[in-house]
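Residue-level structural notes
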Amino acid sequence: MDSTVSVSKGCFAFKRKRKGKIPSSVHLSGNLWYQSYKKCMGSSEELLEVLEKKIFTEIFEGLLEYVKKCSSNPETSHTEIPAATLLTGVNMPDHTSLFATLSKSIQQQATPHVATLWARDCSSLKATVERMCSQFMLVPTSDDANDSQDCDNSSNEESDDEKQTKSKINRWHCNLQYLSSWYSTIAAKGNKKRKTNKLSEKFGGKAQSLVVIIPDFESFPAKVLQEFILLLKGYQYRVPFLLVLGVATAVSAVHRSLPHHVSSCLRMKVFHSRPSLAYLNEVLEKVFFLPDQPFHLGGKAFKLLLDVFLFHDFSVMGFVQGYKFCMMQHFHGKDWTVLTCSPEELPSAVKLLSKQDIESVRKLPSVRKHIETLCSKADQISWLKDDTFVKGEIVKLLTNIHKYVHSFFATLKCLNILTCDLPGAPLEKQLRSVYIIASTCDIVKSSELKECMTLLSFLSSDELESKLSEILVILHESLKNGATQMMDVIEKLEGLVAKFKTLWAPVPTTPTKNSQSPSRSPLKAVRSPLKSPSKLLMNVNSRSQLREKLKEMSTHDIKLSPFEKLRTEVLSFLLEEMFTPFLASPQTKPLHELVFFDNIAAVKSHIVGSPRQAMLRGLRDPHFYLDCDCCKLSDLGDILPTLPDVSIVYKLHLESGKLINMFDWLQSFLTIVDPSSVEEEQTEVDPKLQARFTRAVAELQFLGFIKSSNRKTDHVTRLTWC
């Protein structure tokens, strides 16, 4: 007989088996668009990961050496607390990943004892000390589940002895006195092999300094920080602490927050991180502007993400997340985006297209425009009816686009080298700005490029030769990467550069007493023997004669020197045979929608929030957000008693003028919420209804729609007019 059959013998509880949630990727893995999206996203993430690791290594190199030096000799830090101040810049969203990587690097290379203190968790001195001690002694706190990146304690590698130690330590033991005894126990073991943490075996069991990282120094309460530093100073002779301060603004912020008697306890050393703009430029150049990538941002979408970066948060992480969202929007629900792949994969990708996918490709604006421009009617009919013909043309057109992308980015870099240091910078100094102009319009016909060509016509020989040498380096790199159409350009440009060397070749002269060796001088042209302007204008007696004389002078052709002729030839070659064919806008290419994403209408509302519009929509139509039947409106002007109080008050205030009478407003509110109370003409208002009205008015004032009036005490002033 089963032991759980008889209820009289006791109560039996059985734990329900938890059903694991199936990830969304499992449901989407069968879709063609998702497979292509994962492949494209994976290649971008790999490049970003390599670049991020390289940049963080450059930032942390000096800081890690300083931490190693202080951690290897903790006995030398008894008088002062070593403090490394890292100037991170104002890009606050990137600080989490930055300091998480720093914490892991310190644990792997310098000391296993690292604690990260965020200002949101340290509102008081007690909470700060408890947070720090709990991370050092591996005591789990209530927020550790959310901060796994900040406190990496290798929990998966714990031994049985460590679990027993953790079970004996309680929350009230998280103080500096207990931490001091804990550290003394570690130091007393000397070179013995410790089982508490496998990371410590890497450092020979020797006791290391305790590193405390404060990522958001400016957000920390000043009083708490002062008391915390003084408290650490009191235990410094027993426990060697080392502080890492993340400062977003300048070093002066440390001196403003800490008085002299506190800052004198620190031995500070300043380290600088790279500016956000330099980081973004490197990400663009080595990840997003690579011609091998099958997905690129169009000019409008790129400008949207760049504006968010420059005018909102300076967050490179935010820019990357926006790029990923654009990529997701490009692929989502469209199986024909399987064509967004490398040229080698195009023949196999075309075979996966269904009849519906081919029809979707035909409906693309660039394809319809391409069909209209075809001269042969037979080709037009084949495009509209023959699916096999369309598949073959898709492979040809996309192969041409990939070749165009290689030459486009190479030529764009060459143009940036020519124009980045011109006076006034008509095309600006950064490659990203040139990319926006070239992607949205015909840059060859733009006024900015015309102004640049005018300024380039004044370049000296040395400046022009150095720029041409840099351009040749870029073109040779693009040729290695597959831009075979640049071969003719390279050969002609090398011929023009060779002319500069012959132009300035040494001129042999007959030896004389005054000249001992041949001189190096440019070949000069003989100018026409014109009279000086002053002599030509001597006999001018009227304005008409002056005008005629000036016209006569302007008709004389001044012969150019050989260098001026060669410079004009080089600039005309660059403009006509390099910029014009290779810098055509991507929008002029058929099937550009498969390679360049430029639909900002689909992503702008997600990337750039509009809180005012969302707030007004919620007040006018609460059903849009609450999704309840009681708030459903047939007309947005209707006011139902089931609406939220703030929505009712908002709609009533729209019917008023500049000044709103509070009593009339209350009566209107009562008429809607409780019509029976108004019909009975009660002299006293229900306190609950009055409290609801008061709260709704206060919320409306907090949102900025009304304010108290000085003209009349029982009125409020309306502030918004829609």
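Residues numbered from 1 in each chain as written. Predicted model: local features only at pLDDT ≥ 70, side-chain atom pairs only at ≥ 80, totals over all residues. Heavy atoms only, no water.

Section: the pairing of strand E4 (residues 241-247)
Each regular strand carries side chains that alternate between the two faces of the sheet. Of all seven residues in E4, seven are buried, a share of seventy percent or more. Here E4 shows a buried face lined by Phe-241, Leu-243, Leu-245 and Val-247 and a second buried face lined by Leu-242, Val-244 and Gly-246. Alignment of strand E1 (residues 81-87) against E4, held across five bridges, turns out to be parallel. Bridge pairing in E4 places Ala-83 opposite Leu-243. One crossover worth recording links strand E3 (residues 210-214) to the parallel E4 by way of helix H8 (residues 222-234), and it is right-handed. (Buried < 20%, exposed > 50% of the residue type's maximum accessible area, 1.4 Å probe, protein only. Helix = DSSP H or I, 4+ residues; strand = E, 2+ residues; numbered from the N terminus. Pairing = 2+ DSSP bridges. Right-handed = clockwise from strand over helix to strand, strands pointing away.)

Side note on the confidence of the model for the chain
For the chain, the mean per-residue pLDDT works out to 82, and 81% of the residues sit at or above 70. Long-range and interchain partners of residues 4-9, a stretch whose pLDDT sits below 50, account for four contacts in this model, where long-range means more than four residues apart. When the criterion is pLDDT under 50, residues 512-530 qualifies, and its contacts beyond four places in sequence or with other chains add up to 25 contacts. (pLDDT = per-residue confidence, 0-100. Contact = heavy atoms within 4.5 Å.)

Some points on the pairing of strand E10 (residues 715-718)
Bridge count for strand E8 (residues 659-661) against E10 is three bridges, and the pairing is antiparallel. Of the residues in E10, the one forming a bridge with Leu-659 is Thr-717. Here three bridges tie strand E9 (residues 706-708) to E10, and the two strands are oriented antiparallel to one another. Considered in E10, the bridge of Ser-708 is made with Val-716. Counted along the chain from E9 to the antiparallel partner E10, the turn is six residues long.

Observations concerning the pattern of salt bridges
Inspection of the entire model under this criterion finds 14 salt bridges. Between Arg-362 and Glu-359 there is a salt bridge, and its shortest N-O distance comes to 3.0 Å. Here Arg-362 and its partner Glu-359 are both found in helix H15 (residues 355-362), three residues apart, which amounts to about one turn of the helix. What emerges from the salt-bridge pattern is a single network uniting Glu-58, Arg-274, Glu-282 and Lys-286. (Salt bridge = Lys/Arg side-chain N within 4 Å of Asp/Glu carboxyl O.)

A look at the sheet that holds E3
Sheet architecture is open: five strands sit in the order E2-E3-E4-E1-E5, paired in parallel fashion. Either end of the sheet is taken by a strand with one partner, and the two such strands are strand E2 (114-116) and strand E5 (266-272). Direction aside, the axes of adjacent strands within the sheet are offset by 20° on average. Bridge count between E3 and E4: five bridges; the pairing is parallel. Within E4, the residue paired with Ile-213 across the bridge is Val-244. The strands touched by helix H2 (residues 32-72) are E1, E3, E4 and E5; relative to E1, the strand with the most contacts, the crossing angle is about 175°. (Axes fitted to C-alpha atoms, helices over the stretch in contact; angles between N-to-C directions.)

Describing the environment of Leu-566
In this structure, Leu-566 sits in helix H25 (residues 562-582). Taking relative accessible area as the criterion, Leu-566 reaches 7% and is therefore assigned buried. Look past the residues within four positions of Leu-566 in its chain and what remains in contact with it is Leu-496, Lys-499, Phe-500 and Leu-503.

Focus on the side chain of Ser-585
Within the element layout of this structure, Ser-585 appears in the loop between H25 and strand E7 (596-597). The class for Ser-585 is buried, based on a relative accessible area of 8%. At 3.3 Å, the side chain of Ser-585 and the backbone oxygen of Ser-439 are in polar contact. When near neighbours in sequence (up to four residues on either side) are disregarded, Ser-585 contacts Tyr-404, Ala-438, Ser-439, Thr-440 and Cys-441. (Polar contact = N/O pair within 3.5 Å; in protein donor to acceptor, adjacent residues only side chain to side chain.)

Section: the layout of surface pockets
Computed from the structure, the largest pocket encloses a volume of approximately 1,000 Å³. Surrounding the largest pocket, 41 residues form its lining, Glu-52, Lys-53, Phe-56, Ser-97 and Thr-101 being those nearest its centre. Broken down by secondary-structure element, the contributors of at least two residues to the lining of the largest pocket are H2, helix H3 (95-109), helix H11 (276-288) and helix H13 (316-331). No other element matches H2, which puts 16 residues into the lining of the largest pocket. Of the residues that make up the lining of the largest pocket, three or more belong to each of domain 1 (59-139 + 172-185 + 206-274) and domain 2 (279-504 + 569-597). (1 Å grid on protein atoms, 1.4 Å probe; cavity = no way out; pocket = protein on both sides within 12 Å on 5 of 7 lines; lining within 4 Å. Points joined across faces, edges and corners; volume = space filled by probe spheres on them. Domains from an automatic or database assignment.)

Description of a positive patch on the surface
A surface patch of like charges, here positive, comprises Lys-658, Lys-707, Arg-711 and Lys-712. When you line up the elements, Lys-707 lands in strand E9. (Patch = residues over 30% accessible without salt bridge, like charges linked within 9 Å, V, L, I, M, F, W, Y side chains within 5 Å. Areas by Shrake-Rupley, 256 points an atom, 1.4 Å probe, with all protein chains shown as cover. Lys, Arg positive; Asp, Glu negative; His and termini not counted. Charge placed at Lys NZ, Arg CZ, Asp CG, Glu CD.)

Some points on the packing of aromatic side chains
Per the stated rule, a full pass over the model turns up 26 aromatic pairs. Seen from their ring centres, Phe-295 and Tyr-323 are 5.7 Å apart, and the 65° between their planes marks the pair as edge-to-face. Placement of the pair is Phe-295 in the loop between H11 and strand E6 (296-297) and Tyr-323 in helix H13, with a sequence separation of 28 residues. With relative accessibility at 0%, the residue Phe-295 sits in the buried group. Measuring from ring centre to ring centre gives 5.9 Å for Phe-302 and Phe-319, while their planes differ by 85°; the resulting arrangement is edge-to-face. Within this pair, whereas Phe-302 is found in helix H12 (residues 299-313), its partner Phe-319 is found in helix H13, the two being separated by 17 residues in sequence. Each member of the pair Phe-302 and Phe-319 is classed as buried. Stacked on the ring of Phe-624, the Lys or Arg Arg-617 has its end atom at 3.6 Å from the ring centre. (Phe/Tyr/Trp six-rings, centres within 6.5 Å; stacked < 30°, edge-to-face > 60°. Lys NZ or Arg CZ within 6 Å of the ring centre and 35° of its normal.)

Quick notes on the packing of helix H30 (residues 662-673) against helix H32 (residues 687-702)
Between H30 and H32, whose axes approach to 11 Å, the crossing angle comes to 120°. The element H30 and its partner H32 pack so that their crossing is right-handed. Listed contacts from H32 to Met-662, Trp-665, Leu-666, Phe-669, Leu-670 and Val-673 of H30 are Leu-689, Arg-692, Phe-693, Val-697 and Leu-700. Partitioning the contact of H30 with H32 into residue classes produces 10 nonpolar, no polar and one charged. (Left-handed = near helix turned anticlockwise from the far one by under 90°. Nonpolar A, V, L, I, M, F, W, Y, C, P; charged D, E, K, R; others polar.)

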